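# Remarks on the overall topology
One letter stands for each residue in the lines below.
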Amino acid sequence: MSDFSHLTSTLANLKTEDMYLNDFLLTWEKDDDELKATFAVADALRNLRERNISTRIFDSGLGVSLFRDNSTRTRFSFASACNLLGLTVQDLDEGKSQIAHGETVRETANMISFMADIIGIRDDMYIGKGNTYMREVSKAVQEGYEDGNLEQRPTLVNLQCDIDHPTQCMADMLHIIHEFGGVENLKGKKIAMTWAYSPSYGKPLSVPQGIIGLMSRFGMDVHLAHPEGYDVMPEVIEVAKANAAANGGSFTQSNSMAEAFKDADIVYPKSWAPFAAMEQRTNLYGNGDSDGIKALEKELLAQNAAHKDWECTEALMQTTRAGKALYMHCLPADITGVSCEQGEVEASVFDRYRVPLYKEAGFKPYIIAAMIFLSKVKDPAKTLQQLEAAGIARLLEA
Amino acid sequence: MSDFSHLTSTLANLKTEDMYLNDFLLTWEKDDDELKATFAVADALRNLRERNISTRIFDSGLGVSLFRDNSTRTRFSFASACNLLGLTVQDLDEGKSQIAHGETVRETANMISFMADIIGIRDDMYIGKGNTYMREVSKAVQEGYEDGNLEQRPTLVNLQCDIDHPTQCMADMLHIIHEFGGVENLKGKKIAMTWAYSPSYGKPLSVPQGIIGLMSRFGMDVHLAHPEGYDVMPEVIEVAKANAAANGGSFTQSNSMAEAFKDADIVYPKSWAPFAAMEQRTNLYGNGDSDGIKALEKELLAQNAAHKDWECTEALMQTTRAGKALYMHCLPADITGVSCEQGEVEASVFDRYRVPLYKEAGFKPYIIAAMIFLSKVKDPAKTLQQLEAAGIARLLEA
Amino acid sequence: MSDFSHLTSTLANLKTEDMYLNDFLLTWEKDDDELKATFAVADALRNLRERNISTRIFDSGLGVSLFRDNSTRTRFSFASACNLLGLTVQDLDEGKSQIAHGETVRETANMISFMADIIGIRDDMYIGKGNTYMREVSKAVQEGYEDGNLEQRPTLVNLQCDIDHPTQCMADMLHIIHEFGGVENLKGKKIAMTWAYSPSYGKPLSVPQGIIGLMSRFGMDVHLAHPEGYDVMPEVIEVAKANAAANGGSFTQSNSMAEAFKDADIVYPKSWAPFAAMEQRTNLYGNGDSDGIKALEKELLAQNAAHKDWECTEALMQTTRAGKALYMHCLPADITGVSCEQGEVEASVFDRYRVPLYKEAGFKPYIIAAMIFLSKVKDPAKTLQQLEAAGIARLLEA
């Protein structure tokens, strides 16, 4: 049986009805079948593309992107995913400011959606805001669809919020599955999601939160380590604990990078800001208190600087399983002596893992495409088979 | 006979030859058949899309957009219309400044048009400039086409100018036609286009002008009401008068919102700036007189504030035909207590009409698509039938 | 034999294998067959489009554009070329600053390329930087492709660098070929590439350099004239000399516009900045020496002003072959009394050549498309024939 046939027959046995005309906002709102289906569709779309078979399910249609922060990687991933399926991206530029809620969100959401099949939103700057905003947009377009204003229900993909970064974490997970030869090989593997020092401040919490919220579902031993005071959202800690309990793995927290790395199969060292500080910053921005913001920035940089020893060094890597843990990062990394004087990772470690790191990133467009696909087609396995049978060349070959 | 067949057979009996390879700049430059054809094509394209049938007449090609002012709604409508027909939007960003005329316009118009099928322009800021600029561009591409520089004649769609807002008003009219069950039911209906208070200043005149210039063609009683001093362009008043005389309706002007609303079947209360003040502002900008601009702004805001009683209230709505007039707005509206302290409309009125207001806006992409379609295909009825017969799925369904 | 058959059979006899999966960075890196193939594909694509036959070889895919300088013409040409072949443009905005090299370039190049078929770069501001940067990007994506990070090798098109402007010069050459009725008629023709006065400063050297580097390959007498001190890069002078020697033409340098124009068949009068000054400016920018930059600007404007007599006048045009040399320019030109008080060309000369100038510009989208085409299809002649045989309408016609 070919890889493609295997993927579509796996998919045919998964329950995905609830994904149809639905959003992808948090991985822990999706059940196991739905995650497996997302991985299967991502692999199947890639398989078709590698065989030069068109994966366009749309003859026309818009994918609306709304970025509340600068972005190159996620922007290109979303654009690639839309293009892969036949959608044209239309950017909604609202600046970086927190935009008004309520009436304005409802109206704007409808106004941009008359021909929108998908809306991708990145809103990760303000704790307590991003995911909430996405749900407001979702509610507005659902109402617009039910009221008959919108001919189709635009579905949402969370391209990073204050709570989760599902397209990143799902891509990371698919990378792990491929590296370890299948999801069935992950039981008992240890993954260390650790803080690391960076000379910049205020990096989002969505990656560490997303990682512990997702990786705890596959029977792995998930170890979250960070200096004191760098806590993530308590709600997500609860999600990780419950996941671990339900899936036969474990979830451990510590303030020791060494402990986390010890015998780890996978390490994900990355800087982030303390949850409490980000809450404080959100309030300061809300009050327009620019002196307070400056003071907080200074304080946070000083706090970071007290933890320069949190670096992914060769010595630390030696302590992982056979000294060969899979090093992961969402990129760009702060590389010591390359992108900064001292950072998250030693240059020789990063160098050694460059190819797998780029491969990791390469899963994202397919994961996003899979999320779109599953929200738009009723019978994903059959539609994939139709695409294969049609066999339209992506690039015409003589 | 199906709706679609009805639309195409209606269309087949209309004279649309002059629309082919021609622009859509002012509704009053189009004869009745041409307006009817635009409505018919808009409905037919929507009908096809609702049946998941592709409406792409273009396999490739560019739709150039040129916005001289911030825009979300119109930008998305134009992008949606282009996408619906298979064109890719390419933005021409010239900033918000008044760009040079003459030589530069001629050259730029040709340089952007080598593969442009359509050019959409929004230029509504300066009285006496926007529509004139569109005609310069049109002349330049017509010459370029005749000289053989351009392989196709890019046609223009006026996405809002200083005089008219044809895509808005045509969408508004199509909304009215649908709400009243057909254009034949509009004779004798009363529509009130009235000024309303807004705490912002300098809103364009193109909507009230476009509305009285268009709605006066269907045998309706058109009532234009505004406070003293808020006159619109005299030329457009003449257009409305002539239309009413020719089409068996009436055109009335007053300084009373109450009079306008009395027994009205349709009300369109909306703020705009006095024509004379906008002329003055254009000159001040032309002279780079920033002190003068500030003084004028202050004066206009004070003038507005003297008319806070021009608000679309529940009490006023009660005076309309059976208390149930169709409330219309081009959006966004200034809603009292929601988007501002005091504005154009009471929140409860707006709330009650939200669904029809969003529907009204939803006609715009189809109206723009229809304008493009009619300027690009020689036999619109036959081409629509071909699209239906081809029956290519817009979204692949298993 | 039809024009199209003639073009494809010509193409079938040219050696183009090395263009496949390769970049187009400098014309002098391409052999004669490769240049001829580019012209043939450009003409063939235009022929198909003029017959309303789709030239889309891509069903989906991205064309990444990276502009390090404002651009309207080149941006639209690249967008047109991508659209013509079925690619969607995705802009990479990095601002105008010189971006970091090394690690960052490698990473960014891979991150934007997961579904990129082509990368178009314009980077002409800094001497010694633009072309070098393109080669860094090329190396990065080649490695990414070999490492399996990228499923396809994105190829690069140089949309203007510090050394050459191949899309402009190849379009210029195709214009000349058409004007003179075939490349075989160019032997012994005289082309004058001359400096001309402009009131602005710092115009790129890529056009004069590209022109002498390319036009010297067709047996023409290439005359480069400029005031003392306005030298171009010495390396490119060597290229031009070697080309002339190898191809039976000549390459002459002088400081006399009159000498250059005398009996010329083609004239290309255009302002540029002295090479040495541009090197100096690059260093000043590198050192962040804004006082130095201002001083240099003042000095260069004064230097320019000493050569206001370098203008393409009617009197000079009279001295060309039969007074009828083909006047060329990459546009926009500084036209005396129109776009500036005194500039590169007299208004009446420019006016007389407007149609051919616009035609000249119109070749660029096709030249870019040909460069993309030849880097993406293995058998270009056969693929063109397939497109003709498929005969898919670009614009559906009833």
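Every value quoted in this text rests on a predicted model; they were computed, and no experiment measured them. (Residues numbered from 1 in each chain as written. Chains lettered and ligands numbered in written order. Predicted model: local features only at pLDDT ≥ 70, side-chain atom pairs only at ≥ 80, totals over all residues. Heavy atoms only, no water.)

So, about the sheet that holds strand E6 (residues 221–225) of chain C. All names here are of chain C. Pairing in this open sheet of 5 strands is parallel, and the strands run E7-E6-E5-E8-E9 from one edge to the other. If you trace the sheet from one side to the other, it starts and ends with strand E7 (250–254) and strand E9 (326–327), each paired once. Looking at chain direction, strand E8 (residues 266–269) and E9 are connected through 2 bridges and run parallel. What sits directly across from Ile 266, in E9, is Leu 326. Across the sheet, helix H7 (residues 206–215) lies against strand E5 (190–194), E6, E7 and E8, angled at about 160° from E5, the strand it touches most. (Pairing = 2+ DSSP bridges. Helix = DSSP H or I, 4+ residues; strand = E, 2+ residues; numbered from the N terminus. Contact = heavy atoms within 4.5 Å. Axes fitted to C-alpha atoms, helices over the stretch in contact; angles between N-to-C directions.)

In this section: the pattern of salt bridges. Side-chain pairing between opposite charges can occur once the charged atoms of the two side chains come close. Counted according to the given criterion, the structure contains 60 salt bridges over all chains. For the salt bridge of A:Asp117 with B:Arg394, the shortest nitrogen-to-oxygen distance reads 2.8 Å. Of this pair, A:Asp117 sits in strand E3 (residues 116–123) while B:Arg394 sits in the segment after helix H15 (380–390), on two different chains. Accessibility assignment for this pair places A:Asp117 and B:Arg394 in one class, buried. The salt bridge partner of B:Arg68 is B:Asp123, with a shortest N-O separation of 2.4 Å. (Salt bridge = Lys/Arg side-chain N within 4 Å of Asp/Glu carboxyl O. Buried < 20%, exposed > 50% of the residue type's maximum accessible area, 1.4 Å probe, protein only.)

It is worth spelling out the relation of the copies chain B and chain C at this point. Of the transformation placing chain B onto chain C, the axial shift is 0.0 Å and the rotation is 120°, giving an RMSD of 0.0 Å. A rotation of that kind, with that shift, is consistent with a three-fold axis. Measuring from the rotation axis to each C-alpha of chain B, the shortest distance belongs to B:Thr88, at 4.7 Å. (Least-squares fit on C-alpha atoms with pLDDT ≥ 70 in both.)

Attention now goes to the interface of chain A and chain C. The interface is formed by 34 residues belonging to chain A together with 33 residues belonging to chain C. Around 3,100 Å² of area is buried between chain A and chain C when both sides are counted, 56% of it from carbon and sulfur atoms. Contact with chain C buries area across many residues of chain A, yet A:Phe76, A:Tyr358 and A:Arg394 alone supply 24% of it, more than any other trio. At the surface where chain A touches chain C, the tally comes to 4 salt bridges. Our count for the contact surface shared by chain A and chain C stands at 15 residue pairs in polar contact (both at pLDDT 80 or more). Sorting the residues of the side of chain A that touches chain C by element identifies helix H2 (32–50), helix H3 (73–85), helix H13 (347–352), helix H14 (354–362) and helix H15 (364–376) of chain A as the ones contributing at least two each. (Buried area = accessible area lost by both parts, 1.4 Å probe. Polar contact = N/O pair within 3.5 Å; in protein donor to acceptor, adjacent residues only side chain to side chain.)

A word on the pairing of strand E2 (residues 88–91) of chain C. Residues and elements named next belong to chain C. Judged from the 4 bridges that link them, strand E1 (residues 62–67) and E2 form a sheet pairing that is parallel. When the bridges of E2 are listed, Leu 62 appears paired with Thr 88. Read from E1 through helix H3 (residues 73–85) to E2, the crossover connection turns out right-handed. (Right-handed = clockwise from strand over helix to strand, strands pointing away.)

What follows concerns the interface of chain B and chain C. Where the parts come together, the accessible area they lose is often given as the size of the interface. Chain B puts 33 residues into the contact, and the matching count from chain C is 33 residues. Across the interface of chain B and chain C, roughly 3,100 Å² is buried in total on both sides, 56% from carbon and sulfur atoms. Taken together, chain B and chain C are joined by 4 salt bridges. In this assembly, chain B and chain C are joined by 15 residue pairs in polar contact (both at pLDDT 80 or more). Of all the secondary structure elements, the ones that give two or more residues to the side of chain B that touches chain C are strand E1 (62–67), strand E2 (88–91), helix H4 (103–111) and H15 of chain B. Grouping the amino acids of the side of chain B that touches chain C by side-chain chemistry returns 11 nonpolar, 10 polar and 12 charged. (Nonpolar A, V, L, I, M, F, W, Y, C, P; charged D, E, K, R; others polar.)

Next up on the list: H3(A). Residues and elements named next belong to chain A. When the terminal C-alpha atoms of H3 are compared, their 19 Å separation across 13 residues agrees well with the 18 Å that a helix rising 1.5 Å per residue should span. Taken across its 13 residues, H3 has 12 buried, putting it largely inside the fold. One or two positions beyond H3, positive phi appears at Gly 86, with a value near 100°. (Expected span 1.5 Å × (residues − 1).)

In this section: the relation of the copies chain A and chain C. Mapping one chain copy onto the other needs a rotation about an axis and a shift along that axis. Structural alignment of chain A on chain C gives an RMSD of 0.0 Å, achieved by rotating through 120° and translating 0.0 Å along the axis. When the interface residues of chain A are mapped onto chain C, a mere 3% of them are again interface residues, pointing to distinct binding faces.

Here the focus is the pairing of strand E3 (residues 116–123) of chain B. Within a regular beta strand, the side chains point alternately toward one face of the sheet and then the other, so they alternate between its two faces. All names here are of chain B. Burial runs high along E3: 8 of the 8 residues are buried. For E1 and E3, the ladder comprises 6 bridges, and the chain directions are parallel. Among the inter-strand pairings, Ser 65 is bridged to a residue of E3, identified as Gly 120. By the bridge criterion, 5 bridges tie E3 to strand E4 (residues 155–161) in an arrangement that is parallel. Opposite Ile 121, over in E4, you have Asn 158 as the bridge partner. Considered for its hand, the β-α-β crossover made up of E3, helix H5 (residues 130–146) and E4 is right-handed.

Residues A:Tyr327, B:Tyr327 and C:Tyr327 are the most contacted members of the largest nonpolar core, which totals 408 residues. Once residues lying within four places of it in the same chain are set aside, the contact partners of B:Tyr327 are B:Val267, B:Pro269, B:Cys312, B:Met317, B:Ala333, B:Val345, B:Val349, B:Phe350, B:Tyr353 and B:Leu357. (Core = buried A, V, L, I, M, F, W, Y, C linked by side-chain atoms within 4.5 Å.)

Residues and elements named next belong to chain A. Scored by pLDDT, chain A has a mean of 95; 97% of the residues are at 70 or more. Contacts of residues 96–100 to residues separated by more than four positions or lying in other chains number 11 contacts, the stretch itself having pLDDT below 50. For this predicted complex, the interface confidence reaches an ipTM of 0.95, while the overall pTM sits at 0.97. (pLDDT = per-residue confidence, 0-100.)

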